[in-house]
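Below, each chain spelled out in residue letters.
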Amino acid sequence: MDNRKIYVTQPALPPLAEFIPYLQEIWNSKTLTNNGPYHQQLEKALCEYLGVPHIALFCNGTIALMTALKALRIQGEVITTPYSFVCTSHSLLWNDLQPVFVDVDPVTLNLDPRRIEEAITPQTSAILPVHCYGLPVNTVEIQRIADVYGLKVIYDAAHAFGVKQKGESILNAGDLSVLSLHATKVFNTFEGGAIICQDEKTKQRIDYLKNFGFADEVTVMAPGINGKMSELNAAMGLLQLKYVDEAIEKRLRIQALYRELLADVRGIEQLAVPDDVEWNGAYFPVFVNGHYPISRDALYARLQEHGIHGRRYFFPLISSMPMYRGLPSANPRKLPNAHQAAEKVLCLPIFPDLALEDVAKICVIIDEASRG
Ligand code: T4K
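Every value quoted in this text rests on a predicted model; they were computed, and no experiment measured them. (Residues numbered from 1 in each chain as written. Predicted model: local features only at pLDDT ≥ 70, side-chain atom pairs only at ≥ 80, totals over all residues. Heavy atoms only, no water.)

1. Points about the UniProt feature "modified residue: N6-(pyridoxal phosphate)lysine" (unreviewed entry) in the protein chain
As recorded in UniProt, the sites labelled "modified residue: N6-(pyridoxal phosphate)lysine" (unreviewed entry) are Lys185. Inspection of the secondary structure assignment puts Lys185 in the loop between strand E9 (176–180) and strand E10 (193–197). Ignoring anything within four residues of it in the chain, the contact list for Lys185 reads Ala158, His159, Ser180, Arg251 and Tyr283. (UniProt positions renumbered as here; feature names shortened; annotations may be inferred. Helix = DSSP H or I, 4+ residues; strand = E, 2+ residues; numbered from the N terminus. Contact = heavy atoms within 4.5 Å.)

As structure tokens, this is what we get:
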């Protein structure tokens, strides 16, 4: 390729000139944060766009996850996936909760509902699944199990902005869903996050919690945190929302081309998108298996030599990290599918401004390496 570097992702930014009036308005109003006018507008606009009843905006997805667990007063053990970004489990430790890792389904790489029941103990109070890469976990089966055992379900939906299944937003599943609106995501507010909830009372509690626990000037309802989104980030979100459909369309075109060009490359596996899912093209993982002549890490390095900076999301597994690997549920023998995926995965660049010619060039490098 040429001397350019192509990263796994790159935020799509709207024209700067379109952001200036928002800045002017913030300067005029002198309201910089604390549920200002842009914050309120963005919450309303996102409810409409996503088809969800209530949304509480946050400064990032991690604080939103931590607050979601606090809002539902989760205690004891929480069943979760080891195949995710590290903050899924970190949010549990920050709440003094014990993660209980359960293996992923070998086809979807999402938490396998068939393995959940055997991990439930009297201390289990919740399930924290992830819609990994924006592809939905089996929400129906997870809800069935949660109902039988009286468990709460909080979805880490960091990757799942705008994803639908059977025409319905997957963000309405379970008790709460948490989005990341980070720069690397399908829809970003520079830094940002959100909790989606189903009733006004829960929304109120979450709003108190993200504002130190203040219910009014003198009443502190709970040990809250500062999780508020600023007006600058909210304004960015309002502007980005105008372009998000176009951004998702571009992502879907890119992933379709990858699928086509890599379909016959021996040793390269792809994740399927179920027919009933409207996906957002958040990531494009491939899995380098034993039929490929070089290892996943060798392919990762080969691409880097050409300026292509893929990422091994999610390697290493969370359960292999020092603060988790001593847990009984972190035993690799209990997590074979997650380990296999972590050893094989390589996420290829995908972002709206990635040229289709570059996708084709990346595929040529992968194809050529497959021929030894
Ligand atoms: N749950 C899950 C399942 C998640 O994946 C995440 C975050 C969260 C929860 C937590 O949400 P937040 O608290 O972040 O809102 C990145 C992101 O920082 C992280 O948001 C994301 N998941 C994770 C999967 O990826 P890194 O350390 O790989 O990012 P970084 O900085 O290396 O960026 C990757 C590439 O993107 C860079 O090589 C270049 C490009 N980039 C990045 C940034 C930040 C840009 O072009 N511009 C930018 O501003 O973690």
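2. Some remarks on the packing of aromatic side chains
A complete count under the given rule lists 13 aromatic pairs for this structure. Here the aromatic rings of Tyr283 and Tyr313 are separated by 5.8 Å at their centres, their planes lie at 85°, and the arrangement is edge-to-face. Of the two residues, Tyr283 is situated in the loop between strand E12 (277–278) and strand E13 (284–288) and Tyr313 in the loop between strand E14 (308–309) and helix H10 (336–344); the sequence distance between them amounts to 30 residues. The class for Tyr283 is buried, based on a relative accessible area of 11%. Pairwise contacts between aromatic rings join Tyr83, Tyr133, Tyr283, Tyr313 and Phe314 into one cluster. (Phe/Tyr/Trp six-rings, centres within 6.5 Å; stacked < 30°, edge-to-face > 60°. Buried < 20%, exposed > 50% of the residue type's maximum accessible area, 1.4 Å probe, protein only.)

3. Quick look at the sheet that holds strand E7 (residues 164–165)
Read across the open sheet, the 3 strands follow the order E8-E7-E12; overall the sheet is antiparallel. Two strands close off the open sheet at either side, each with one partner strand: strand E8 (168–169) and E12. Bridge count for E7 against E12 is 2 bridges, and the pairing is antiparallel. Bridge pairing in E12 links Gln165 to Val277. (Pairing = 2+ DSSP bridges.)

4. Concerning the site of the ligand
The ligand sits among 24 residues. The nearest are Thr62, Asp156, His159, Ser180 and Tyr313. For the ligand, an oxygen atom lies 2.7 Å from a polar atom in the side chain of His159. With respect to the ligand, the side chain of His182 contributes an N or O atom lying 3.3 Å from an oxygen atom. Bound to the protein, the ligand loses 75% of the 920 Å² it would expose on its own. Listing elements by their share of the shell around the ligand, those giving two or more residues are helix H3 (61–71) and helix H4 (87–93). Taken together, the residues of the shell around the ligand break down into 9 nonpolar, 12 polar and 3 charged. Shared between two domains, the shell around the ligand holds at least three residues of each, these being domain 1 (16–241) and domain 2 (244–370). (Near = heavy atom within 4 Å. Polar contact = N/O pair within 3.5 Å; in protein donor to acceptor, adjacent residues only side chain to side chain. Areas by Shrake-Rupley, 256 points an atom, 1.4 Å probe, with all protein chains shown as cover. Nonpolar A, V, L, I, M, F, W, Y, C, P; charged D, E, K, R; others polar. Domains from an automatic or database assignment.)

5. Regarding the nonpolar core
Judged by nonpolar contacts, the single largest core of 62 residues is most densely connected at Leu46, Tyr83, Tyr133 and Phe161. Looking at this core, the elements that each hand over two or more residues are helix H1 (16–29), helix H2 (37–50), strand E2 (54–58), E10, helix H7 (231–241), helix H8 (244–262), H10 and strand E15 (345–348). Counting residues per element, this core draws most heavily on H7, at 6 residues. Sequence-distant contacts of Leu46, defined by excluding residues within four places in its chain, comprise Gly51, Val52, Ile55, Leu57, Phe161, Phe187 and Leu241. Listed in part, the 26 residues of the second largest apolar core include Ile6, Leu262, Leu303 and Ile362. (Core = buried A, V, L, I, M, F, W, Y, C linked by side-chain atoms within 4.5 Å.)

6. Concerning the environment of Leu335
On the secondary structure map, Leu335 appears in the loop between E14 and H10. Remark: the alpha-carbon pair of Leu335 and Met236, spanning 99 residues in sequence, is separated by 40 Å. Leaving out residues up to four positions away in the same chain, Leu335 has contacts with Pro82, Phe101, Val102, Asp103, Ser319, Ser329 and Ala330.

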